[in-house]
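Coordinate inspection notes
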Amino acid sequence: MDRARQGRPGVRRRVGAALAVGAAAALAVTSLAAPAQSADVKAADAAAADVNVAKNAGFESDLSNWTCSANSGAAVTSPVHGGTKALKATPAGQDKAECVQIVKVKPNSTYKLSSWVQGGYAYLGARGTGTTDVSTWTPGDAAWKQLSTSFTTGANTTSVTVYTHGWYGQSAYYADDVSVLGPDGGGGTDPVEIPAVPSGLAAGTTTSTSVPLSWTPVSTATGYTVYRDGTKVASVSGASTTVTGLTPETTYSFQVSASNAAGESAKSTAVSARTAKGGGGDGGTVPKHALTGYWQNFDNGATVQKLRDVSSQYDIIAVSFADATTTPGQITFNLDPAVGYSSTADFKADIAAKHSAGKSVILSVGGEKGTISVNSDASATAFANSAYALMQEYGFDGVDIDLENGLNPTYMTKALRQLAAKAGSKLVLTMAPQTIDMQSTSGGYFQTALNVKDILTVVNMQYYNSGSMLGCDGKVYSQGSVDFLTALACIQLEGGLDPSQVGIGVPASTRGAGSGYVAPSVVNNALDCLTRGTGCGSFKPSKTYPGLRGAMTWSTNWDATAGNAWSNAVGPKVHSLP
């Protein structure tokens, strides 16, 4: 914040008397006239010694070095112009919220005084200069505006009071990045210098709604600010990020600045990038036959993965799981440090990379321990708004509904339709009900699936942790067999879902579920049975469903633990279905 040092402190060059005499003698011999030192050089020498003599000029150390009348001032984290904090001062009654600092100055010297302000009436000035005291003001602005003036110190002046204040009866004002630029008066300046301007800004492979950016790290920076078409869109700690929520087939200009406790650098050279053509979500249209895998945002003993490590066999990756908030229906996402990402930006970059590979990445809501409840109009709206916000922030293509503790079909339908209205045709919507949830079309999950059939991508029922269930022929089938998979899938296929909306969900290994594991060969037999009429057990459907979407597994992590044996066997089968 504190925009200290417009140049580098240095020692003014001095010419010794002996050197002057020697130079004069040389000129006398050669009869050459020495050019006078230019005004530009002298000005450069003077500027090299100029420093910001204000301390804690960006309020990063709260109100250290500052005194505000009637306790009217405080350091806040928003809005800020640079760094992480700014001053907020609120006039009240007969107090105009003046905040002052006494700075040390040199006599007979000129100083440039400036500050960025926002909000209500704001004044900036200096008194006790020994010459003419100065001030400047603005009637207020919704955006940051720089006030600037200058003053000259008197022959005996060694300190000056600089101040900001608002006006009686007006709203609060904000101030940030105060600068009193001139010769060091003996008090020094903040020890940290503003970082250099970042270089090497480059855009990676874009998707229809996101652009990955990276740049060369600046050694003294503690953070970076990313600008899109001149507007701040992200603040990150690392030297990369992915800007999301963009419009397909649109060209954008990006810049980045570096910051630390001293303030924010100038913006980098701009780089332009054009988003890809839209359609079917950022990762492209989900393929006719797709393999879905759940990625664990936690460590439970399975192989810990980053998204970049997930097998390329998976077409839809469901990030597990979203978290509930204190607001009913609202969801959020918290990246678990246990999965090894150095930053959220790194995670977002992996999502963008999967998009570039034609994959869809969605956020799963619920799970065994999920506590998210959508049972009112307000909670439905909260769900839709928060889910869409996460899609915009991270680049998720949609959501997966995995509410294993029940759902209200009326309000979940409202929530999903509101989300679809925001996301448009690119939304990827999947569900992962338990077997009991899909035994009848009167069940809440089945009702919800039918209610949103026009926007539903696939239902990947969990054919595990179940026990025996009825098939579509009214017979009882035990889990762990090809008949269990095909006879239960038949209920959905004949109950109103399109074949493209039906998938078979199974554990990736014996460790992936408490019961119900079947070998990949059994899954492949069930896929053949349903799509081709071959490989069936005792149950054989009355017709085939060649449009069947595919299969799902819990989880990509347990699959990796077993050497990706599941995806390496089932993936090629899914992708070769008719």
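All of these numbers come straight from a predicted model, not from anything done at the bench.

**Re the sheet that holds strand 8 (residues 134-138)**
Across the sheet, which stays open at both edges, the five strands sit in the order 2-5-10-7-8 with antiparallel pairing between neighbours. Edge positions in the sheet fall to strand 2 (67-68) and strand 8, since each of these pairs with one other strand and no more. Here strand 5 (residues 99-104) runs beside strand 10 (residues 159-165); their pairing, made up of six bridges, is antiparallel. By the bridge assignment for strand 10, Gln-101 is matched with Val-162.

**Description of unusual backbone geometry**
For the bond from Ser-78 to Pro-79, the omega torsion is 0°, close enough to zero to count as cis. Within the secondary structure layout, Pro-79 lies in the loop between strand 3 (73-76) and strand 4 (86-89). In this structure, the amide linkage connecting Trp-554 to the following residue, Ser-555, adopts the cis form with an omega of 0°. Located in the positive-phi region is Asn-65, a residue other than glycine, with phi close to 75°. Along the polypeptide, Asn-65 turns up in the loop between strand 1 (50-52) and strand 2.

**Some points on the nonpolar core**
Formed by 94 residues in total, the largest nonpolar core has its most connected members in Phe-347, Phe-396 and Ile-401. A per-element tally of this core places helix 7 (residues 482-494) first, with nine residues. Filtering out sequence-adjacent residues up to four positions away, Phe-347 remains in contact with Trp-295, Leu-307, Val-319, Phe-333, Leu-335, Tyr-341, Tyr-394 and Phe-396. Counting 28 residues, the second-largest nonpolar core is a separate cluster that includes Val-53, Cys-68, Val-134 and Val-162.

**So, the packing of helix 7 against helix 8 (residues 520-532)**
Between helix 7 and helix 8, the least distance of the axes is 9 Å, while the angle of their chain directions is 40°. Classified by the angle their axes make, helix 7 and helix 8 are oblique. For the pair helix 7 and helix 8, the sense of crossing is right-handed. In this structure, helix 7 uses Val-482, Leu-485, Thr-486, Ala-489 and Leu-493 to contact helix 8, whose residues at the interface are Val-522, Val-523, Asn-525, Ala-526, Cys-529 and Leu-530. Of the residues contributing to the contact of helix 7 with helix 8, the split by class is nine nonpolar, two polar and no charged.

**A closer look at the side chain of Asp-176**
Mapped onto the elements, Asp-176 comes out in strand 11 (residues 173-183). By relative accessible area, which is 0% here, Asp-176 ends up buried. Within the local environment of Asp-176, its side chain forms a polar contact with the backbone nitrogen of His-81, the two atoms lying 2.8 Å apart.

**A look at the pairing of strand 14 (residues 223-228)**
Within strand 14, five of the six residues are buried, which leaves it mostly tucked inside the rest of the structure. Sheet analysis places strand 14 next to strand 17 (residues 251-260), joined by six bridges and oriented antiparallel. Following the sheet pairing, Gly-223 is matched in strand 17 by Ser-259. Linking strand 14 to strand 15 (residues 231-236), which pair antiparallel, is a turn of two residues; within it Asp-229 sits at a positive phi near 50°.

**Re the sheet that holds strand 12 (residues 199-203)**
Hydrogen bonding along the main chain pairs the strands of a sheet, whether they run parallel or antiparallel. Spatial strand order, 12-13-16: three strands in an open sheet with antiparallel pairing. Bordering the open sheet on either side are strand 12 and strand 16 (240-243), each of which pairs with just one other strand. Shown here is a sheet whose adjacent strand axes are inclined to one another by a mean of 20°, direction ignored. For strand 13 (residues 211-216) and strand 16, the ladder comprises four bridges, and the chain directions are antiparallel. Pairing of Leu-213 across the sheet is with Thr-241, part of strand 16.

**Thoughts on the confidence of the model for the protein**
For the protein, mean pLDDT is 87; residues scoring 70 or higher make up 89% of the total. Below pLDDT 50 for its whole length, residues 1-48 participates in 62 contacts with residues either more than four positions away or in separate chains. Counting interchain partners and residues more than four positions distant, the pLDDT-below-50 stretch residues 278-284 has 23 contacts.

**A short note on the packing of aromatic side chains**
Inspection of every chain in the model, using the stated rule, returns 21 aromatic pairs. Consider the rings of Tyr-123 and Trp-137, whose centres lie 5.5 Å apart with planes at 15°: the pair is stacked. With Tyr-123 in strand 7 (residues 122-127) and Trp-137 in strand 8, this pair connects stretches of sequence that are 14 residues apart. The exposure class of Tyr-123 is buried, given its relative accessible area of 15%. With 6.3 Å between their ring centres and 40° between their planes, Tyr-252 and Phe-254 make a pair best called tilted. Each member of the pair Tyr-252 and Phe-254 is classed as buried. In textbook terms, an aromatic cluster arises when at least three aromatic residues are bridged by ring pairs, as seen for Trp-295, Phe-333, Tyr-341, Phe-347, Tyr-394 and Phe-396. A cation over a ring is seen here: Lys-267 above Tyr-227, with NZ or CZ 4.3 Å from the ring centre.

**Regarding the pairing of strand 25 (residues 398-403)**
Among the six residues of strand 25, six are classified as buried, and the element is accordingly described as predominantly covered. Both strand 25 and strand 26 (residues 428-431) contribute to a ladder of four bridges, which runs parallel. Note that in strand 26 the partner of Gly-398 across the bridge is Val-428. For the crossover from strand 25 across helix 5 (residues 409-423) to strand 26, the handedness is right-handed.

Conventions used here
Residues numbered from 1 in each chain as written. Predicted model: local features only at pLDDT ≥ 70, side-chain atom pairs only at ≥ 80, totals over all residues. Heavy atoms only, no water. Pairing = 2+ DSSP bridges. Helix = DSSP H or I, 4+ residues; strand = E, 2+ residues; numbered from the N terminus. Core = buried A, V, L, I, M, F, W, Y, C linked by side-chain atoms within 4.5 Å. Buried < 20%, exposed > 50% of the residue type's maximum accessible area, 1.4 Å probe, protein only. Contact = heavy atoms within 4.5 Å. Axes fitted to C-alpha atoms, helices over the stretch in contact; angles between N-to-C directions. Parallel < 35°, antiparallel > 145°, perpendicular 65-115°, else oblique. Left-handed = near helix turned anticlockwise from the far one by under 90°. Nonpolar A, V, L, I, M, F, W, Y, C, P; charged D, E, K, R; others polar. Polar contact = N/O pair within 3.5 Å; in protein donor to acceptor, adjacent residues only side chain to side chain. pLDDT = per-residue confidence, 0-100. Phe/Tyr/Trp six-rings, centres within 6.5 Å; stacked < 30°, edge-to-face > 60°. Lys NZ or Arg CZ within 6 Å of the ring centre and 35° of its normal. Right-handed = clockwise from strand over helix to strand, strands pointing away.

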